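Commentary on secondary and tertiary structure
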Amino acid sequence: MNPGRIGIVSDTHGDAVAWRRVMEYLGPVDLVVHAGDVLYHGPRNPLPPGYDPGQLISLLSELNCPLIVAQGNCDAAVDAFVLQIPMQSPVVFLQHEGIRLLAHHGHQYTPDQLLSLAGRWGAHLCVTGHTHLAGLERRNGIILLNPGSPSLPQGSPARPTAARLLDRRVELVDVSNGEVLAVEQL
């Protein structure tokens, strides 16, 4: 069973320029899962270089596929209203063509708590954001993914990142140049 192409992103924080890079390097997608902090930069974050939440709203509304959003700590009810999509909270669970995916922003549960929940629900892939630190690993048979942030990346080096699921293969991608940084097979 082919799960299609799923784009996975988190922590765009209103950065329209970063969103364009994400879509350029992920290519056409059948579904986008966003792990939260979509529009607002938050009180502790600097303004992202491409901060333009109005433009990001326009770009997201032009998507030709479903956009599934787990509510982040910087997301508010007004964000869902202006996006005109439901912002699910706090945990998103979906099954798409045989792949079970659990997504949460990562600010309310520890990775171990999410891993436990993913195991109980039979998830193949557990996605979190919040830290802006990209990571991809397998634990207890479940792939743990933090797609990082294309807008305000952290780490050393701090690389703008997102992820994609293609043909049962999860890839973490540097959206500044398209380099695949890590891969796990479902």
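These remarks concern the structure in this document.

Calculation notes
Residues numbered from 1 in each chain as written. Predicted model: local features only at pLDDT ≥ 70, side-chain atom pairs only at ≥ 80, totals over all residues. Heavy atoms only, no water. Pairing = 2+ DSSP bridges. Helix = DSSP H or I, 4+ residues; strand = E, 2+ residues; numbered from the N terminus. Buried < 20%, exposed > 50% of the residue type's maximum accessible area, 1.4 Å probe, protein only. Phe/Tyr/Trp six-rings, centres within 6.5 Å; stacked < 30°, edge-to-face > 60°. Disulfide = S-S within 2.5 Å. Core = buried A, V, L, I, M, F, W, Y, C linked by side-chain atoms within 4.5 Å. Contact = heavy atoms within 4.5 Å. Axes fitted to C-alpha atoms, helices over the stretch in contact; angles between N-to-C directions. Parallel < 35°, antiparallel > 145°, perpendicular 65-115°, else oblique. Nonpolar A, V, L, I, M, F, W, Y, C, P; charged D, E, K, R; others polar. Polar contact = N/O pair within 3.5 Å; in protein donor to acceptor, adjacent residues only side chain to side chain.

Notes on the sheet that holds strand 4 (residues 87-88)
What the seven strands build is an open sheet, ordered 4-3-2-1-10-11-12; its pairing is mixed. Of all the strands in the sheet, the pair left with one neighbour each is strand 4 and strand 12 (180-185). Strand direction decides the pairing type here: strand 10 (residues 161-166) and strand 11 (residues 169-174), joined by six bridges, are antiparallel. Within the sheet, the bridge partner assigned to Thr161 lies in strand 11 and is Asp174.

Things to note about the pairing of strand 10
Here strand 10 lies mainly inside the structure; five of its six residues are buried. Where strand 10 folds back on strand 11, the antiparallel hairpin that results is connected by two residues, among which Asp167 adopts a positive phi of roughly 50°.

Here's the deal with the packing of aromatic side chains
Pairs of aromatic rings are described using the distance from one ring centre to the other and the angle between the two planes. Across all of its chains, the model carries one aromatic pair by this definition. Between Phe93 and Trp121, the ring centres sit 5.3 Å apart and the planes meet at 80°, which makes this aromatic pair edge-to-face. Placement of the pair is Phe93 in strand 5 (residues 91-96) and Trp121 in the loop between helix 4 (111-120) and strand 7 (125-127), with a sequence separation of 28 residues. For Phe93, a relative accessible area of 34% translates into the label partly exposed.

Quick notes on the state of the cysteines
For the structure on display, the rule yields zero disulfides. Cysteine Cys126 shares no disulfide, and the gap to the nearest cysteine sulfur, in Cys74, comes to 20 Å.

Observations concerning the nonpolar core
By size, the foremost hydrophobic cluster in this structure holds 22 residues, and its most contacted members are Trp19, Val32, Val38, Leu60 and Leu63. Listing elements by their share of this core, those giving two or more residues are helix 1 (16-26), helix 2 (53-61), strand 3 (67-70) and helix 3 (77-83). Considering each element in turn, this core owes the most residues, four residues, to helix 1. Once you skip the residues sitting within four places of it in the chain, Val38 turns out to touch Thr12, His13, Gly14, Leu56, Leu60, Val69, Asp75, Leu83 and Met87.

Overview of the packing of helix 1 against helix 2
It is at 8 Å that the axes of helix 1 and helix 2 come closest, and there the two elements cross at 30°. One way to sum up the angle between helix 1 and helix 2 is to call them roughly parallel. Along its contact with helix 1, which presents Ala16, Trp19 and Arg20, the element helix 2 presents Gln55, Leu56, Leu59 and Leu60. Within the contact of helix 1 with helix 2, the residues separate by chemical class into five nonpolar, one polar and one charged.

Notes on the side chain of His105
Among the structural elements, His105 can be located in the loop between strand 6 (99-104) and helix 4. Accessibility expressed as a relative area gives 0% for His105, which makes it buried. Side chain to side chain, His105 and Asp37 meet in a polar contact 3.1 Å long.

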